[in-house]
Amino acid sequence: MFSYTIRRLGALIPVLLGMVFIVFIMIRAIPGDPAQLILGQQATKESIQALTSQLGLDKPWYTQFFEYLGGLFKGDLGVSIKTDVPISEEVWPYLTATIELSLVAMLFAIIVGVNAGIISAWFQNSWFDYIAMVVALIGVSMPVFWLGLMEQYVVSIQWDLLPTTGRDNIRDPVEAITGLYLIDTLMAGRVDQFIEVIKHLILPGFALGTIPMAIIARMTRSSMLEVMRSDFIRTARAKGMKMFWVVYKHSLKNALIPVVTVIGLQTGLLLGGAILTETIFGWPGIGTYIYEAIGSRDYPVIQSGILVIATIFVLINLVVDLLYAAIDPRIKYK
Amino acid sequence: MKKSLWLLLSSVLVLSLFLAGCTGSSEKGSSGGSDSGGKKGGGVLIYGKGGDAVSLDPATVTDGESLIVTEQIYETLVNYAKDSTEIEPGLAKEWEISKDNLKYTFTLQEGIKFHDGTDFNADAVVKNFQRWAQSKDPKKFAYYPSMFGGFEGDESHVIKEVKALDEKTVEFTLNRPQAPFLKNLAMGPFAIASPEKFDTIGKEPVGTGPFKFDAWKKGDTITVVKNDEYWVKDLPKLEGVTFKVIKDNSARLNAVIKGEIDLMDGMNPSDKGKVEGDDKLQLFERPSMNLGYLGFNVEKEPFNKKEVRQAISHLINKEDIIANFFEGTAEPAKNPMPPSISGYNDSIEDYEYSVEKAKELLKKAGYEKGFKMDLWALPVARPYMPDGQKVAEAMQASFKEVGIDAKIVTYDWGAYQEKLRAGEGPVYMMGWTGDNGDADNFLYTLLDKDSIDSNNYSRYANEKVHKLLVEAQSTADETKRNELYNKAQEIIHEDAPWVPLVHSTPLLAGSSKIKGFVPHSTGSQSFQDTTLD
């Protein structure tokens, strides 16, 4: 298992290199000139040329690529063209904001999704099953944009229960230490702020978690149904075991592999795919950071931002693969 | 071991089942008594905006999201009046202009200190101007060369020398007269920063303004706090201002309604009714200094024919567009500059909406059967055009009446500008928000032949217009200057390189507790007089 992990980590390097290369080529293929966008509408032709050469964008693409790559191997993610700040310094608050939101969203999606899927399979064709699967279908196809604004309108404004936007109360801001506000507020011993942060997480967490929740619920249900038809389940029931244990112990264990796969994929997707939720909820996350960089053709930020997300994505996948072995002893890595 | 792992997993899942059941109730419990947190401002105004600042060094930025913040921290030598672009004293309490308009001598306010405790004096002013003029770095200082004709040593550079005559007197010597010189000096980007801190003011700004920089959470909030030693007595009235980024316009309005933020810009015109109908809110209208227009590339067939351009001018029903897409928060435009700017020619009669006249003109040009064309629609919401796509569709429908078959095309904002600059757009929607409230900043910047390859996307070149505009640049006499601009507008109207569409009124929504806030036409203003009761 250990050597397997090492080998897998080694295999990450070509994957990430390939990804960096593709992103590098793709963002340069889209029209739009970073110099023009930085200088704005007021710019003159001369100043655009001067800036282009100052940024090194007039060099051949392969020179630029290897310069960037050389920096990466030294641990240098580059400097943002737009703000002139090193990306490694700039990206951290955005990344932690996204991680916190994604984890909450996934927690919600897993708890609700897995259980809904299990119960639906257990009581197949019951009213619960029907309602749960219709809700899941709606959840999958719900436009996040609309859902977010509706949440704000109903829960925040009409019912006055939760705040509409942001990570904390702007009038009593959280002092960032790690960037994960749930931890920061506890480190500072501010329980009131901790509760405030949780309240700010509920609406965007729900909006972001809805789609993965629905996908997880459907996957759990179908996987459970398959397992529950197998012989060993019938045996378990025949020997008089309580249905609850049959479902939550014997069936779930065997149905978990595809569910864990889906959970892993969805977690990775949330990291970069939370742009809509971030936009609606004023959440300073990495999706927005990269999205805005694309708008201003901030090449280093796009490249390094995607690289950071991709790295986390493949690491999550590795963890999922290792989890297989933990869940199912028949799977062994050598 | 396997068994215990399995037990652990299943117990987590069972626990999660219970938790899932509980979340609903705990949600209500924890937020029931939460209302007290948000409502009392304690004199700190929270301002919601659509994007984060790029940098807090005003000379290096061109975007409104940065300038609205730097406006609170820094000050300029001269200021715009609170509700117009007239010039008033700022850091300079008075000034003298030589007869040939080449020497400006400023007397500075005394006893002012930067937020870092160093003295503001003539020397500091000189150092700021040297920093911009001598850098020759267009990346760092984008506005300087475009407002003052280039950097030091460039042929067209306006400022020859900036000299400190004594502690409180600064003398500017110009290479050639520049009529809008004082208006340029009042622009936010040319605010005076502490020379000691030039290297770090992008992140930790140090100026002389009513508020001091406190903190910047990237992509989230920027906080400024009251400057207790501010040189104007009894100002500022607020304890501080926090700028909060909420990208989506509707979500930002939700935050205002909820009272989480006090004021927002970039309100959707369609939300106007919602704000007016809520007595806890008030609506602010920013005086218009912008223009949305439809441009023709006059080098391309068939738009090289004046009659075709005039015909299309007759085909656009501006009143309809304003009623349907601006909720009435705009006025129809007939000139390539807004009426609030000195030199506006009000005697010009706009091309009336008339399909008949359009047909006549097209016949004259030999296009009575119409033609096919690409219509470039603005891809992003801009203050002068909240929904370019829909306005383009409305125009498309009216073009059809005379057989002009318009295909709507669009690119993302970056590509759109680049392609227009390269002269690729045959018929395109565009707009402009004035920088300094001067006619030159519209007519010369957008329609002079010198501006081809930059902002003259129509590639319109008229010698007569060029002469008038260049003469106006160095004419100091206001009446004479306005006459020149009036004439230029007549010629431009006849040539019709554009159809001026609208001057929109950008909307802001705020809590009804806000007093003393006057939105300025340049797009940013100081909050020093603003209060929250």
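Bear in mind that the values here come from a model prediction, so they are computed numbers and not experimental data. (Residues numbered from 1 in each chain as written. Chains lettered and ligands numbered in written order. Predicted model: local features only at pLDDT ≥ 70, side-chain atom pairs only at ≥ 80, totals over all residues.)

1. A short note on the overall build of chain A
At step 1: Each helix and strand counted, chain A has 14 helices and zero strands in total.
At step 2: Along chain A, helices and strands appear, N-terminal first, in the series α-α-α-α-α-α-α-α-α-α-α-α-α-α.
At step 3: Taken along the three principal axes of its C-alpha coordinates, chain A extends 85 × 55 × 40 Å.
At step 4: Burial analysis of chain A (334 residues in total) assigns 43% to the buried set.
At step 5: Partitioning the intrachain contacts of chain A with sequence separation of at least 6 by distance along the chain shows that 71% fall at a separation of at least 24. (Helix = DSSP H or I, 4+ residues; strand = E, 2+ residues; numbered from the N terminus. Buried ≥ 20, exposed ≤ 12 C-beta atoms within 10 Å, placed from the backbone. Contact = placed C-beta atoms within 7 Å.)

2. Observations regarding the domain arrangement of chain B
All names here are of chain B.
At step 1: According to the domain assignment, chain B contains domain 1 (75-194), domain 2 (211-287 + 507-532) and domain 3 (290-504).
At step 2: Computed from C-alpha coordinates alone, the two centres of domain 1 and domain 3 are separated by 33 Å.
At step 3: Contact residues are listed per partner, giving 11 residues for domain 1 and 11 residues for domain 3.
At step 4: Of the residues in the side of domain 1 that touches domain 3, the class split is five nonpolar, four polar and two charged. (Domains from an automatic or database assignment. Nonpolar A, V, L, I, M, F, W, Y, C, P; charged D, E, K, R; others polar.)

3. Brief notes about the UniProt feature "transmembrane region" (unreviewed entry) in chain A
Residue and element names in this part refer to chain A.
At step 1: Residues annotated by UniProt as "transmembrane region" (unreviewed entry) correspond here to residues 12-30, 101-123, 130-149, 201-220, 255-281 and 301-327.
At step 2: What you have in residues 12-30 is 95% helix and 0% strand, and the ends, taken at the C-alpha atoms, are 27 Å apart.
At step 3: A distance of 36 Å separates the end C-alpha atoms of residues 255-281, which is 93% helix and 0% strand. (UniProt positions renumbered as here; feature names shortened; annotations may be inferred.)

4. Some words on the interface of chain A and chain B
The extent of an interface is frequently quoted as the accessible surface area lost upon association of the parts.
At step 1: At the interface, 63 residues of chain A touch 60 residues of chain B.
At step 2: Residue assignment for the side of chain A that touches chain B shows that the elements contributing at least two residues are α2 (34-39), α3 (45-54), α5 (87-122), α7 (144-158), α9 (191-228), α11 (243-273), α12 (275-280) and α13 (286-295) of chain A.
At step 3: Looking at which element gives the most residues to the side of chain A that touches chain B, the answer is α5(A), with seven residues.
At step 4: Counted by class, the side of chain A that touches chain B contains 31 nonpolar, 20 polar and 12 charged residues.

5. Things to note about the sheet that holds strand β1 (residues 44-49) of chain B
Residues and elements named next belong to chain B.
At step 1: With mixed pairing, seven strands are arranged side by side in an open sheet as β8-β9-β10-β1-β11-β19-β12. Taken across any chain shown, the strands that pair with only one partner, and hence form the sheet edges, are β8 (211-217) and β12 (281-285).
At step 2: The pairing of β1 with strand β11 (residues 263-264) spans two bridges and is classified as parallel. Following the sheet pairing, Gly48 is matched in β11 by Met264.
At step 3: Against the sheet, helix α7 (residues 249-258) engages β1, β11, β12 and β19 (507-511), with an angle of about 25° to β19. (Pairing = 2+ DSSP bridges. Axes fitted to C-alpha atoms, helices over the stretch in contact; angles between N-to-C directions.)

6. As for the pairing of strand β9 (residues 221-226) of chain B
Residue and element names in this part refer to chain B.
At step 1: The buried count for β9 comes to five of six residues, which makes it a mostly enclosed element.
At step 2: Note: β8 against β9, six bridges, orientation antiparallel. Bridge pairing in β9 places Lys212 opposite Val225.
At step 3: Count of turn residues in the β8/β9 antiparallel hairpin: three residues, of which Gly219 carries a positive phi of about 75°.

7. Topic: α9(A)
At step 1: Its 38 residues place the ends of α9(A) only 45 Å apart at the C-alpha level, less than the 56 Å of an ideal helix rising 1.5 Å per residue.
At step 2: If you look at α9(A), its biggest bend is around 45°, right at Gly209(A), and the proline Pro212(A) turns up within four residues after that. (Expected span 1.5 Å × (residues − 1). Bend = angle between axes of the 7 residues up to and from the residue.)

8. So, the pairing of β19(B)
Residue and element names in this part refer to chain B.
At step 1: β19 sits mainly inside the fold: four of its five residues count as buried.
At step 2: Taken together, the two bridges between β11 and β19 define a ladder with antiparallel strand orientation. When the bridges of β19 are listed, Leu263 appears paired with Gly510.
At step 3: The pairing of β12 with β19 spans five bridges and is classified as antiparallel.

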